[in-house]
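Coordinate inspection notes
What follows is the residue order along each chain.
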Amino acid sequence: MAPSSKPEGKTGVRIVVAGDRGTGKSSLIVTAAADSFPPNVPHLLPPTRLPEDIYPDRVPITIIDTSSRPEDRGKLGEELKRADAVVLTYACDQPGTLNRLSTFWLPELRQLEVKVPVIVVGCKLDLRDDQQPVSLEQVMSPIMQQFREIETCIECSAYKQIQVPEVFYYAQKAVLHPTGPLFDQESQTLKPQCVRALKRIFILCDHDRDGALSDAELNDFQVKCFNAPLQPSEIVGVKRVVQEKLVEGVNERGLTLTGFLFLHALFIEKGRLETTWTVLRKFGYNNDIKLSDDQIPYSSFHRAPDQSVELTNEAIEFLRGVYESFDNDLDNNLRPIEVEDVFSTAPESPWNVAPYKDAVEKTALGGLSLDAFLSEWSLMTLLDPARSLEYLIYLGYPGDPSSAIRVTRRRRLDRKRQQSERNVFQCFVFGPRNSGKSALMNALLGRPYSDSYSPTANERYAVNVVEQPGGIKKTLVLRETPEDGVANLLSSNDSLAACDMAVFLYDSSDESSWKRASELLMDVAGHGEDTGYEVPCLIVAAKDDLDSFPMAIQDSTRVSQDMGIEAPIPISAKLSDFSSIFRRIVNAAEHPHLSIPETEAGRSRKQYHRLINRSLMFVSVGAAVAIVGLAAYRVYAARKNASS
């Protein structure tokens, strides 16, 4: 396989040279730039630029000399923080300067939080005492064990011009083709994230999906990555190298995934990191082995605050195919290990952390049904469309990524048209502590009722498919906000823009619970009126199995009538009696012009605007009459003058 092309996006490498005084920093830099040893070297050199054609990657290098004097410590720190790579020098004839690497210089880099590759360079090799022969590996091994940021070590002599160009070649290479993200030096194996990326690349290149790269597929891969075909003899040679070391690396169909990974580990072990990096970059990866930003069409989901993002039918069909291909036993149950396998070509599973973890219904075997799998994707697309697109690409979405999502119509326009076209509805769940919010969330996920109470500390999501009359399926997302988080939520003008529906729960057996729920309802309704993001609302009287508090029932009914919304809906999680609550939530969200609460302040404001509009109408009518009268008078006056 051919060497790498110029790494994209890197226009220059800044290398800072540091070390104790008298270790040969300035001589090293001048010799590298002038290709000769200088008789006189200044105490501190200005920035030195090496031409871009000095090394194969053709990326210019700027070398920064530094002073180790105590009074220049601040300037030294600034330069180190701006470095792409650091060259630390010691003098081969001064053992004390080598000890200072581990006692001062390397700890200093950590203290300054300089997280770049470090090249350790032993200068003045020509002055080392040959009577005490010690191998570089023997000297540096314990230091490299302690400080993993050291990329490589090398000894040189500026005076005799031994290995001087190699110093800055290795430093540049460590920046452009770093070892750290790819390879674990201790275990001598590819890192898991590198394996995941290479597995995705292998699958994308395995066009016939037979689990091996044929000679033709290998050649296509070579042309894509290195712009040059492989000769038949070269393909035979590559497979022979793999098969000699790893029998299972090649089969009758071609190079297997195991062989493909082995080949890249071999390149890295032999110092040819640029080969693996070229492959990764050709398939859109950055230095963190994640898709680079230019792979994700951010412009495809620019939206107003009251618009949302959903998967298109094409994306849903693709995900159905993914589900079926990983549901090996075809039992509509994707086990946790199978879910991990789905994301084995991505850096990690995106659903192992909040808000996605535990947000969907699990099967009796602890897995995901197809509906739950698609619901998880719908939630991720709603909350973080960029991440959803990124993971669709990792899974091998075949089309233009922008065709996988769509931006919905503005909810304000939905309200005018009295119908929503959305397939995914987000419902905010409000209520005081112990009102039954979590029980409602769990009910959506098909989880059994529990008497134990554990207050929700942070926002929580639950998502599932809700089947409407006629067999139409919609996805409902419930977002539970703790009581003490409501004020913070409403501190933003756009906080209700993403809300299709709001539900207010109260404990029907507790008067104080209703009082607090009604306050929350007023706060949310008022905020919607003030910001223009009014939302349909439902009141839910939870714990209907307990003795209801009479005044709470009467008062909640009166409030719902006064505000122009539906009467409170009684439910009992304990009795599994939910009065078709989820269907009713979806139905209300589908008709966003209904069930919008109106506060006294909002009603007064509307009356005032109507009065102003009526007054303006009278003024405009009066003005029109006056204009007509004036015109008539002018005609009359003109005729009178003409007759006289």
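Everything that follows concerns the structure shown earlier in this document.
Bear in mind the structure is a predicted one, so any value in this text is a computation, not a measurement.

1. Focus: the sheet that holds strand β19 (residues 569–570)
The mixed open sheet is built from six strands, whose spatial order is β15-β16-β14-β17-β18-β19. Edge positions in the open sheet fall to β15 (460–467) and β19, since each of these has one partner strand only. Relative to strand β18 (residues 537–542), strand β17 (residues 501–507) runs parallel, the two being bridged by six bridges. The residue bridging leucine 505 from the neighbouring strand is valine 540, located in β18. In this fold helix α18 (residues 511–531) packs onto β14 (424–430), β17 and β18, with an angle of close to 165° to the strand it touches most, β17. Set on the sheet, helix α20 (residues 581–590) makes contact with β14, β15, β16 (473–480), β17, β18 and β19; between it and β16 the angle comes to about 100°.

2. Notes on the packing of helix α6 (residues 192–205) against helix α9 (residues 257–269)
At a minimum axis distance of 10 Å, the contact between α6 and α9 shows a crossing angle of 125°. By the angle class used here, α6 and α9 are oblique. Between α6 and α9 lies a crossing of right-handed hand. Where α6 abuts α9, its residues Val195, Leu198, Lys199, Ile201 and Phe202 lie against Leu257, Phe260, Leu261 and His264. In terms of residue class, the contact of α6 with α9 is built from seven nonpolar, one polar and one charged.

3. Things to note about the sheet that holds strand β10 (residues 250–251)
Sheets are built from strands that pair by backbone hydrogen bonding, the pairs being arranged parallel or antiparallel. In spatial order, the strands read β9-β11-β10; together these three strands make up an open sheet with antiparallel pairing. Both edges of this open sheet fall to β9 (212–213) and β10, since each of them pairs with a single strand only. Relative to strand β11 (residues 254–256), β9 runs antiparallel, the two being bridged by two bridges. Paired with alanine 212 across the bridge in β11 is threonine 256. Its contacts with the sheet put α9 on β9 and β11, and the angle it makes with β11 is roughly 75°.

4. What to know about the packing of aromatic side chains
In total, this model carries 20 aromatic pairs according to the counting rule given. Look at phenylalanine 343 and tryptophan 351: their rings are 5.0 Å apart centre to centre, the planes differ by 80°, and that puts the pair in the edge-to-face class. Note on accessibility: phenylalanine 343 and tryptophan 351 belong to one class, buried. Counting every residue linked through ring pairs, the aromatic cluster contains Tyr285, Tyr323, Phe343, Trp351, Phe373, Trp377, Tyr391 and Tyr394. Geometry around phenylalanine 428 places arginine 479 over its ring, the cationic atom sitting 4.5 Å from the centre.

5. Observations concerning α20
Spacing of three or four residues puts side chains on the same side of an α-helix, whose turn is 3.6 residues. With seven of its ten residues buried, α20 lies for the most part within the structure. Turning to α20, its buried residues are Ile581, Phe582, Ile585, Val586, Ala588, Ala589 and Glu590.

About the thresholds
Residues numbered from 1 in each chain as written. Predicted model: local features only at pLDDT ≥ 70, side-chain atom pairs only at ≥ 80, totals over all residues. Heavy atoms only, no water. Pairing = 2+ DSSP bridges. Helix = DSSP H or I, 4+ residues; strand = E, 2+ residues; numbered from the N terminus. Contact = heavy atoms within 4.5 Å. Axes fitted to C-alpha atoms, helices over the stretch in contact; angles between N-to-C directions. Parallel < 35°, antiparallel > 145°, perpendicular 65-115°, else oblique. Left-handed = near helix turned anticlockwise from the far one by under 90°. Nonpolar A, V, L, I, M, F, W, Y, C, P; charged D, E, K, R; others polar. Phe/Tyr/Trp six-rings, centres within 6.5 Å; stacked < 30°, edge-to-face > 60°. Buried < 20%, exposed > 50% of the residue type's maximum accessible area, 1.4 Å probe, protein only. Lys NZ or Arg CZ within 6 Å of the ring centre and 35° of its normal.

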